[in-house]
Amino acid sequence: DASRIDLGLLRHEYALPARLLGIGLGLTIAAGAALAAVVFGALTVPEAVVLSVLLAPTDAALGQAVVTDARLPSRIRQGLNVESGLNDGLCVPLLFIALAVAETDAGETGARHAAFLVVEEVGIGAVGGIAAGLIGAFIAIWGARRGSIEPDWLQVVPLASAALAYGVATPLDGSGFIAAFVGGAVYGGVVRSAEGAQFYLVDQAGEVLNSITFLLFGALLLAPALDHLSWRMVVYALGSLTLVRMVPVALTLLGTGARWPTVAFLGWFGPRGLASIVFAVIVVEESKLPHADTILVATFVTVGMSVFLHGVTASPLTNRYVSWMQSVRRPTASLMEDAPTGDQPWRHGRGLRGAPTGTPAVQEAHSDV
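Parameters at a glance
Residues numbered from 1 in each chain as written. Predicted model: local features only at pLDDT ≥ 70, side-chain atom pairs only at ≥ 80, totals over all residues. Heavy atoms only, no water. Helix = DSSP H or I, 4+ residues; strand = E, 2+ residues; numbered from the N terminus. Buried < 20%, exposed > 50% of the residue type's maximum accessible area, 1.4 Å probe, protein only. Phe/Tyr/Trp six-rings, centres within 6.5 Å; stacked < 30°, edge-to-face > 60°. Expected span 1.5 Å × (residues − 1). Bend = angle between axes of the 7 residues up to and from the residue. Core = buried A, V, L, I, M, F, W, Y, C linked by side-chain atoms within 4.5 Å. Contact = heavy atoms within 4.5 Å. Polar contact = N/O pair within 3.5 Å; in protein donor to acceptor, adjacent residues only side chain to side chain. Arc of directions from axis to C-beta. Axes fitted to C-alpha atoms, helices over the stretch in contact; angles between N-to-C directions. Parallel < 35°, antiparallel > 145°, perpendicular 65-115°, else oblique. Left-handed = near helix turned anticlockwise from the far one by under 90°. Nonpolar A, V, L, I, M, F, W, Y, C, P; charged D, E, K, R; others polar.

Caption draft 1: Inspection of the environment of V301 at higher detail. Looking at the secondary structure, you find V301 in helix 14 (residues 292-327). Given a relative accessible area of 5%, V301 falls into the buried group. Separated by 73 residues in sequence, V301 and H228 place their C-alpha atoms 9.8 Å apart.

Pasting the structure below:
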């Protein structure tokens, strides 16, 4: 999905996602680490940071009822959607750095070796992604211009580029996740004039695999984690979904003129989902932390609670916020509440709930790991 990033589309509404990513993400990681250190006394500070980074990314797919509701101002939908699209990619190198520091602190590896591993993971991953993205873009452009590739088969190219990026970086001890993200961004940046149909296959495959992942998560990860459920896990999960998310968002929105219902709405709808599950896999495969079990169980409980709570509250809270927003007199509304509504599709061309029919669709930037 990184191939869908087009920052040019955000030139009129860049302020909110820029604040959420540039300020809110860092504050969220700091707050989550502080809460983890207090609730789980056995965790070291680096391990608390690892847990916080695991749960920092949001997942707009779990709040689809929110980001697809045309009654909401486009600035709010765009902000939540772009935030969830970019924060997981930004957190990947942070996760590797946090893991390296935590392992050094635990005596599992030396500081010099840990720094080398981080540079290796990020550097090789980025180089592999750039190479795969350029190769895929060249094939797509060359084939389309010469008419040597049928349009339907062009849909295979983005998927093959992602697989190539991952396949090149991983055997060389680079991060396949960073490679896939960078490769997608390079591919999308070069093939900017490509039609959305070129991404149909990878989009649909991603949706199917996303659903399968959550089914497997519930059956294989969440169910065993509940056997280790404790009051500490519940307290941290609730704190992660509320204070750790909502307070940084409130601080981030200072000076924007946004009223408290808008601040609360944006703060609450930061569900944790697929990125946290993927990051947990990285912890299992890439680290030897002394308290890895505590970190993983806390992550799984938080994601499971988020799936339930955000799923149950998405529609009713959206309806309440829309009712409040419509009651606000325009002369007294801030720019945040007064942002125009309209037909902006969820990801790649899907219509919005409540959007008027026949309105031209505007492609929306979105990226996932």
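Caption draft 2: A look at the packing of aromatic side chains. Applying the stated rule across the entire model yields 5 aromatic pairs. Between F217 and F300 the ring centres are 5.9 Å apart and the planes differ by 70°, which places this aromatic pair in the edge-to-face class. With F217 in helix 9 (residues 200-226) and F300 in helix 14, the pair connects residues that are 83 residues apart, well separated along the chain. A relative accessible area of 4% places F217 in the buried class.

Caption draft 3: Layout of helix 4 (residues 74-105). Helix length check: helix 4 (32 residues) gives 45 Å between terminal C-alpha atoms against 46 Å at 1.5 Å per residue, within 8%. A bend of about 30° at V92 is the largest found in helix 4, and the proline P93 appears one to four places after it. Taking burial as the measure, the 32 residues of helix 4 include 25 buried ones, the bulk of the element.

Caption draft 4: Main features of the nonpolar core. The biggest cluster of nonpolar side chains holds 45 residues, and the ones touching the most others in it are F40, V50, L51 and L95. Broken down by element, the residue count for this core peaks at 9 residues, all from helix 14. Filtering out sequence-adjacent residues up to four positions away, L95 remains in contact with V50, V53, L54, F279 and I282.

Caption draft 5: Structural context of the side chain of S306. Along the polypeptide, S306 turns up in helix 14. For S306, a relative accessible area of 0% corresponds to the buried category. Engagement of the side chain of S306 in a polar contact is seen with the side chain of H310, the distance being 2.9 Å. The contact partners of S306, leaving out residues within four places of it in the chain, are L241, P271, R272 and G311.

Caption draft 6: Examining helix 7 (residues 156-169) more closely. Its 14 residues place the ends of helix 7 20 Å apart at the C-alpha level, agreeing with the 20 Å of an ideal helix rising 1.5 Å per residue. Within the sequence span of helix 7, burial applies to V157, P158, S161, A165 and A169. For helix 7, the buried positions fall inside an angular range of 100° around the axis, keeping them on one side.

Caption draft 7: Looking closely at the packing of helix 1 (residues 15-39) against helix 2 (residues 45-54). Two elements in contact, helix 1 and helix 2, have axes separated by 8 Å at closest approach and are oriented at 130°. Taken together, the axis directions place helix 1 and helix 2 in an arrangement best described as oblique. In this structure, helix 1 meets helix 2 at a crossing whose hand is right-handed. Within the contact between the two elements, helix 1 uses T28, I29, A30, G32, A33, A36 and A37 and helix 2 uses A48, V49, L51, S52 and V53. Residue composition of the contact of helix 1 with helix 2, grouped by class: 9 nonpolar, 3 polar and no charged.

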